[in-house]
Amino acid sequence: MADRPLHVAVIGAGPAGIYASDILSKSGVEVRIDLYEKLPAPYGLVRYGVAPDHPRIKAIINALYNVLQRGDIRLVGNVEIGRDISVDELRERYDAIIVATGADRDAPFNVPGADLPEVYGAADFVYWYDGHPDYPRTWPLEAREVAVLGVGNVALDVARILAKQPDDLMSTEIPHNVEAGLRQSPITDVHVFGRRGPAQVKFTPMELRELGHVPDVDIIVYPEDFDYDDGSQAAMEKSKMTRQVVEQLTEWVFQEEEDMTASRRIHIHLLQQPVEILGEDHVSGIRMERTELCGDETVRGTGEYIDYPVQAVYRAIGYYSSPIEGIPFDPVRGVVPNTAGRVLSEPDGQVLTGMYATGWIKRGPVGLIGSTKSDAQETIGHLLDDYRANMFSPTADELGWESMQTILESRGIRYTTWRGWELLEEYEKALGAQEGRERIKVVERETMTAISRGEPHDGKLY
């Protein structure tokens, strides 16, 4: 292979795919990297999975932008692998494939009543308010009281967006349809529930502090929900972040009742687990069982039950990956089976030469950007080891983009490019400038695609 470049296809243009591409491009090996993304725009969950009122989005997107704008990594958007292009077609034309599709849907949730119509996945709600082109343009915001299950940052995002006054989101990039939906919401109370104690929540200190600065929203934490065991004490001693989170929650416990005068409230309930969602045809409440710590940070049920009147339930209990036709998938763990990034034919199966995984599709939906980078380092390290061992053997006469471009165009696939993303970004920023905002997202996929390809369009934004 020394007489030609290494050809690599990366599936997924979120942080995992971009970081892996960046590391590979700087490896010293002559390489051609094609980054395939099923949406017309890059950045994955950074664009479509983080609440729009987070200032840290800009820093992450700027870092990803700086990688792609160099021009040594080809972005191919609006192409879904497994539908527009088969995995076999990729394997024939590339030395290696890196799967970096992340986790894009809600983890399964099974309690009685979970099938009622007002029980929603947090991921679906996030995609709605972030303007994902493949999700409905409206959302049924009809409940006055809502339960959010989960104590991670996604649960905080959901609670904050539900409780926040729409006017306080108008400096962000939320689309017009999302603004209209939020203005119709009658919500007064959001109840966030966690199964374990204050030292076990997964909130980050910054996210939790942000919650306390939302205008016209009171944060209520209950003293009876606070308990610590030996494991909790050890966690607080070991982690400064855990200690900061517990300190912030404790501060809210000791608020004076007369100081809480906001029109909307976020209640944080700990040491409670859901046992049933109440209602016959529609959600009328949720039944929680109080739990107690066992000494090692785990909990057990106490047999004491509390019913809360709510009219909707959002489950924010974790993300789950989607399979791609032609790539092995472990439905139990919701990941591509792999050993340190090398894809296996099945869990505990054989290594599939030339196929790799990185990010949440590799390890499950845990960890932040730092974990994603270290994941990519490991995966790319193994890919380069296999390359140096001459293990790759694509079979097509023509390799890489030139071959794939011919296939895409012959099938009429309207793929987008990095230049297309720059055109779309310019368009969104121009929309925002008209209203004194940095950007307003275009939601309609057809409009996104047409703008990116320089084609005529009807201007439909959502």
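Everything that follows concerns the structure shown earlier in this document.
Residues numbered from 1 in each chain as written. Predicted model: local features only at pLDDT ≥ 70, side-chain atom pairs only at ≥ 80, totals over all residues. Heavy atoms only, no water.

1. A word on the overall build of the protein chain
Okay, so step 1: Within the protein chain, the secondary structure is distributed over 15 helices and 18 strands.
Okay, so step 2: Radius of gyration (C-alpha) of the protein chain: 24 Å, near the 23 Å computed for a compact globule of 462 residues.
Okay, so step 3: Here the protein chain holds 462 residues, and 57% of them are scored as buried.
Okay, so step 4: Look at the contacts in the protein chain between residues 6 or more apart in sequence, and 74% of them connect residues 24 or more apart.
Okay, so step 5: Per element, the accessible surface of the protein chain, about 19800 Å² overall, is 47% carbon and sulfur.
Okay, so step 6: One way to put it: in the protein chain the 47 positive side-chain charges average out to a point 5 Å from where the 75 negative ones average out. (Helix = DSSP H or I, 4+ residues; strand = E, 2+ residues; numbered from the N terminus. Rg over C-alpha atoms; globule rule 2.2 N^0.38 Å. Buried < 20%, exposed > 50% of the residue type's maximum accessible area, 1.4 Å probe, protein only. Contact = heavy atoms within 4.5 Å. Areas by Shrake-Rupley, 256 points an atom, 1.4 Å probe, with all protein chains shown as cover. Lys, Arg positive; Asp, Glu negative; His and termini not counted. Charge placed at Lys NZ, Arg CZ, Asp CG, Glu CD.)

2. Some remarks on helix H3 (residues 56-68)
Okay, so step 1: Taking 1.5 Å per residue, 13 residues should reach 18 Å; H3 reaches 19 Å between its end C-alpha atoms and fits that length.
Okay, so step 2: Taken residue by residue, H3 has Ile 57, Ile 60, Ile 61, Leu 64, Val 67 and Leu 68 as its buried positions. For H3, the angular spread of the buried residues around the axis is 110 degrees, confining them to a single face.
Okay, so step 3: Along its buried surface, H3 packs onto helix H1 (15-25), strand E2 (31-36), helix H2 (45-48), strand E3 (73-76), helix H12 (369-388) and helix H14 (418-433). (Expected span 1.5 Å × (residues − 1). Arc of directions from axis to C-beta.)

3. Considering the nonpolar core
Okay, so step 1: By size, the foremost hydrophobic cluster in this structure holds 97 residues, and its most contacted members are Phe 125, Val 148, Leu 162, Leu 249, Ile 266 and Tyr 314.
Okay, so step 2: Not counting the four nearest positions on each side in its chain, Val 148 is found in contact with Ala 155, Val 158, Leu 162, Val 190, His 191, Val 192, Phe 193, Tyr 314 and Ala 316. (Core = buried A, V, L, I, M, F, W, Y, C linked by side-chain atoms within 4.5 Å.)

4. Some remarks on helix H7 (residues 176-183)
Okay, so step 1: Where H7 is concerned, the buried positions are Asn 177, Val 178, Glu 179, Gly 181 and Leu 182.
Okay, so step 2: Close packing links the buried residues of H7 with helix H5 (122-129) and helix H6 (153-163).

5. Thoughts on the pairing of strand E18 (residues 351-357)
On a regular strand, one side chain projects to one face of the sheet and the next to the other, so that they alternate.
Okay, so step 1: Relative to E18, strand E4 (residues 96-99) runs parallel, the two sharing three bridges. Of the residues in E18, the one forming a bridge with Ile 97 is Met 355.
Okay, so step 2: Counting the residues that bridge the hairpin from strand E17 (residues 342-344) to E18 gives six residues, and of these Asp 348 lies at a positive phi of roughly 65 degrees. (Pairing = 2+ DSSP bridges.)

6. Notes on a negative patch on the surface
Okay, so step 1: A surface patch of like charges, here negative, comprises Glu 256, Glu 257, Glu 258 and Asp 259.
Okay, so step 2: Position of Asp 259 among the secondary structure elements: in the loop between helix H10 (240-253) and strand E10 (264-269). (Patch = residues over 30% accessible without salt bridge, like charges linked within 9 Å, V, L, I, M, F, W, Y side chains within 5 Å. Salt bridge = Lys/Arg side-chain N within 4 Å of Asp/Glu carboxyl O.)

7. Describing the sheet that holds E17
Okay, so step 1: Taken in spatial order, the seven strands of this open sheet run E3-E2-E1-E4-E18-E17-E16, and their pairing is mixed. Of all strands in the sheet, those bounded by a partner on one side alone are E3 and strand E16 (338-339).
Okay, so step 2: Relative to E3, E2 is paired through four bridges, and the arrangement is parallel. Pairing of Ile 33 across the sheet is with Ile 73, part of E3.
Okay, so step 3: Packed onto the sheet, H1 meets strand E1 (6-11), E2 and E3 and runs at close to 175 degrees relative to E2. (Axes fitted to C-alpha atoms, helices over the stretch in contact; angles between N-to-C directions.)

8. Things to note about the environment of Val 253
Okay, so step 1: You can see Val 253 is positioned in helix H10.
Okay, so step 2: Judged by relative accessible area, Val 253 falls into the buried class, the value being 16%.
Okay, so step 3: Counting along the chain gives 15 residues from Val 253 to Ile 268, while the straight-line C-alpha distance between them is 9.9 Å.
Okay, so step 4: Not counting residues up to four positions away in its chain, the partners in contact with Val 253 are Val 221, Tyr 222, Pro 223 and Phe 226.

9. Structural notes on the layout of surface pockets
Okay, so step 1: The volume enclosed by the second largest pocket comes to roughly 500 Å³.
Okay, so step 2: Lining the second largest pocket are 21 residues, and of these Ile 57, Lys 58, Glu 173, Glu 438 and Arg 439 sit closest to its centre.
Okay, so step 3: Secondary-structure elements contributing two or more residues to the lining of the second largest pocket are H3 and H14.
Okay, so step 4: Looking at the lining of the second largest pocket element by element, the count peaks at five residues for H3.
Okay, so step 5: Residues of the lining of the second largest pocket, tallied by class, amount to seven nonpolar, four polar and 10 charged. (1 Å grid on protein atoms, 1.4 Å probe; cavity = no way out; pocket = protein on both sides within 12 Å on 5 of 7 lines; lining within 4 Å. Points joined across faces, edges and corners; volume = space filled by probe spheres on them. Nonpolar A, V, L, I, M, F, W, Y, C, P; charged D, E, K, R; others polar.)

10. Quick word on the sheet that holds E10
Okay, so step 1: Taken in spatial order, the six strands of this open sheet run E6-E14-E7-E8-E10-E9, and their pairing is parallel. Taken across any chain shown, the strands that pair with only one partner, and hence form the sheet edges, are strand E6 (119-121) and strand E9 (217-221). Strand after strand, the sheet turns through a mean of 20 degrees between neighbouring axes, direction not considered.
Okay, so step 2: Here E9 pairs with E10 via five bridges, running parallel. Across the sheet, residue Val 221 finds its bridge partner in E10, namely Ile 268.
Okay, so step 3: Together, E9 and E10 form the strand contacts of H10, whose direction differs from that of E9 by roughly 100 degrees.

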